[in-house]
Amino acid sequence: MKVLIVGGGGREHALAWAIARSEKVSKVYVAPGNGGTATMGSCVENVALGSTDVDGLLQFAVSESVDLTVVGPEQPLEAGIVDLFAEAGKKVFGPTKSAAQLETSKVFAKDFMSRHEIPTASYEVFRDYDSAKDFLEKTTVFPQVIKASGLAAGKGVVVAETRADALQAIDDLFEKRVFGGAADEVVIESFLAGQEASVFAITDGTQYRFFLPSQDHKRIGEGDTGKNTGGMGAYAPAPLVSEEVMKKVEERVIVPTLEGMREEGMPYTGFLYIGLMIDNGEPSVVEYNARLGDPEAQVVLPLIQTELVEALEASLDGNLGEIAFEMKPLSATTVVLASEGYPGSYEKGKVIEIDPKLQEHDSVMVFHAGTVLEGGMLKTSGGRVLSVTALAPTLGESIALAYSALGGVAFDGSYYRRDIGAKALA
């Protein structure tokens, strides 16, 4: 098989790593890929096409006789890449443009959950500054959560602790247009108490299989302080998501979501992410993503015992229920190494040194995100540069191994959180 992976971040490097391990796969193309995928060996090749160049990607898939395309990020899903490939008769894994609205429009997602009685925070939708301001000035309960409805790279959410914070947030969204058209509609919802967790499923629209539950660390600072980021680390399985909680998620979220999407004429196929808030064992949906998370993909993919390609093919063929989807009896932790200044402004082009011995360690993987290969040298090209993932029999051991392995990676001004997974151990 020839497989094309669309995207260039840590999630896509992890997908390439998982897919290239299959004996069925002879070639993996990554568009555009990164410095990590550029150094995976002859069977993995970067393609100089942007992830939203859906026409160029289709042309490439046709010309190279690609057997399967896997869409990593959300932007090409919003651009309709799955619909385009399907119309051309090319196998593609991911939800259609209409189904991907579960992620690409928070207004759609909240209204959908309301229609299908899926547990989530109460909310209001606003389309202009004045009406949002009027609502907030009458509100007596804080914090309130303010979200740009459209795609904002995971950064369009503000937990406003005070009315002043909330008014500043809607000014940024509606007046200053910090996220442009993504904030043409804004959701203001009640604050959910508890701890966040991530549940991922693979689905053919009816049947589904779960990955191990994980927990992401969104804030830049230790102790979950500071600005939101794309994610500073993750671990799996998350003890917070017990078997009892998982059963509630299945019955109250996954089943009604898939049934609802079928009823509304947009069956959902692909990866489905459920961002949860869990309070005293009761799960509520914070958000959907129409893809694997990043950096959660860097822990859930290495924990799959079953070949990922087998599951992808079964999903596309509509017989996902007929295959085993088994997990390794291990824990995984990934720690993100970021550029100094992220999630604000940061410098690029810093030379990255990686100890070759890390690549010889069976239980350690280095997944690249914001890296580029220039003149045979790896250099930084993004805010989240790479993540170091470690597998071990227990969560504590995987955390210790991940931080130990970080000692083999260095670039000027690197930053990482030192408390990834600590809340689970506590």
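The present account deals with the structure reproduced in this document. Source: prediction; values computed, not measured.

**Some details on the layout of surface pockets**
- In this structure, the second largest pocket spans a volume of roughly 670 Å³.
- What lines the second largest pocket is a set of 25 residues, among which His 13, Trp 17, Thr 39, Gln 359 and Val 366 lie closest to the centre.
- With four residues, strand β20 (residues 364-368) is the largest single contributor of residues to the lining of the second largest pocket.
- Classifying every residue of the lining of the second largest pocket by side-chain character gives 13 nonpolar, seven polar and five charged.

**Thoughts on helix α9 (residues 243-263)**
- With 21 residues, α9 extends 28 Å from end C-alpha to end C-alpha; this agrees with the ideal 30 Å at 1.5 Å per step.
- Glu 250 marks the point of greatest bend in α9, at about 35°.
- Of the residues making up α9, those classed as buried are Val 245, Met 246, Lys 248, Val 249, Val 253, Ile 254, Pro 256, Thr 257, Leu 258, Gly 260 and Met 261.
- The elements touched by buried residues of α9 are α5 (101-104), α6 (106-115), β10 (195-203), β11 (208-210), β16 (270-279) and β17 (282-289).
- Looking one or two residues beyond α9, the residue adopting positive phi is Gly 265, at roughly 80°.

**What to know about the packing of aromatic side chains**
- For the structure on display, the rule yields 11 aromatic pairs.
- Where Tyr 29 meets Phe 60, the ring centres are 4.9 Å apart and the plane angle is 85°; that geometry is what we call edge-to-face. Here Tyr 29 is found in strand β2 (residues 27-32), whereas its partner Phe 60 is found in helix α2 (residues 54-63), with 31 residues between them in sequence.
- The exposure class of Phe 60 is buried, given its relative accessible area of 14%.
- Taken together, a centroid distance of 6.4 Å and an interplanar angle of 65° make the contact between Tyr 342 and Tyr 346 edge-to-face.

**Focus: empty space enclosed by the protein**
- The final tally for this structure, using the stated rule, is two cavities of 30 Å³ or more.
- In this structure, the largest cavity encloses a volume near 60 Å³.
- Lining of the largest cavity is provided by Leu 102, Glu 103, Lys 106, Ala 109, Lys 110, Met 113, Lys 147, Val 286, Glu 287 and Tyr 288.
- Sorting the residues of the lining of the largest cavity by element identifies α5, α6 and β17 as the ones contributing at least two each.
- It is α6 that contributes the most residues to the lining of the largest cavity, four residues altogether.
- Taken together, the residues of the lining of the largest cavity break down into five nonpolar, no polar and five charged.

**Quick look at the pairing of β10**
- Of all nine residues that make up β10, seven are buried, and the element is covered over most of its length.
- As defined by bridge partners, β10 adjoins β16 across nine bridges and the pair is classed as antiparallel. When the bridges of β16 are listed, Val 199 appears paired with Ile 274.
- Two strands pair when backbone bridges link them, and β10 and β11 are joined in this way by three bridges, in the antiparallel orientation. Bridge pairing in β11 places Thr 203 opposite Tyr 208.

**What about the environment of Phe 325?**
- Tracing the backbone through its elements, the reader meets Phe 325 in the loop between α11 (308-317) and β18 (331-339).
- Of the residues examined, Phe 325 reaches a relative accessible area of 11% and is grouped as buried.
- A C-alpha to C-alpha distance of 8.5 Å links Phe 325 and Glu 307, two positions 18 residues apart in sequence.
- Sequence-distant contacts of Phe 325, defined by excluding residues within four places in its chain, comprise Ile 202, Arg 209, Phe 210, Phe 211, Ile 304, Thr 306 and Ala 311.

**Some details on the pattern of salt bridges**
- Scanning the model with the defined rule gives 26 salt bridges in all.
- The salt bridge partner of Glu 282 is Lys 248, with a shortest N-O separation of 2.7 Å. A residue pair is termed long-range when its members are at least 10 positions apart, and Glu 282 in strand β17 and Lys 248 in helix α9 qualify at 34 residues.
- Taking relative accessible area as the criterion, Glu 282 reaches 37% and is therefore assigned partly exposed.
- Since its relative accessible area comes to 14%, Lys 248 is described here as buried.
- Connected through salt bridges with shared partners, the residues Asp 224, Arg 417, Asp 419 and Lys 423 form a single ionic network.

Definitions and cut-offs
Residues numbered from 1 in each chain as written. Predicted model: local features only at pLDDT ≥ 70, side-chain atom pairs only at ≥ 80, totals over all residues. Heavy atoms only, no water. 1 Å grid on protein atoms, 1.4 Å probe; cavity = no way out; pocket = protein on both sides within 12 Å on 5 of 7 lines; lining within 4 Å. Points joined across faces, edges and corners; volume = space filled by probe spheres on them. Helix = DSSP H or I, 4+ residues; strand = E, 2+ residues; numbered from the N terminus. Nonpolar A, V, L, I, M, F, W, Y, C, P; charged D, E, K, R; others polar. Expected span 1.5 Å × (residues − 1). Bend = angle between axes of the 7 residues up to and from the residue. Buried < 20%, exposed > 50% of the residue type's maximum accessible area, 1.4 Å probe, protein only. Contact = heavy atoms within 4.5 Å. Phe/Tyr/Trp six-rings, centres within 6.5 Å; stacked < 30°, edge-to-face > 60°. Pairing = 2+ DSSP bridges. Salt bridge = Lys/Arg side-chain N within 4 Å of Asp/Glu carboxyl O.

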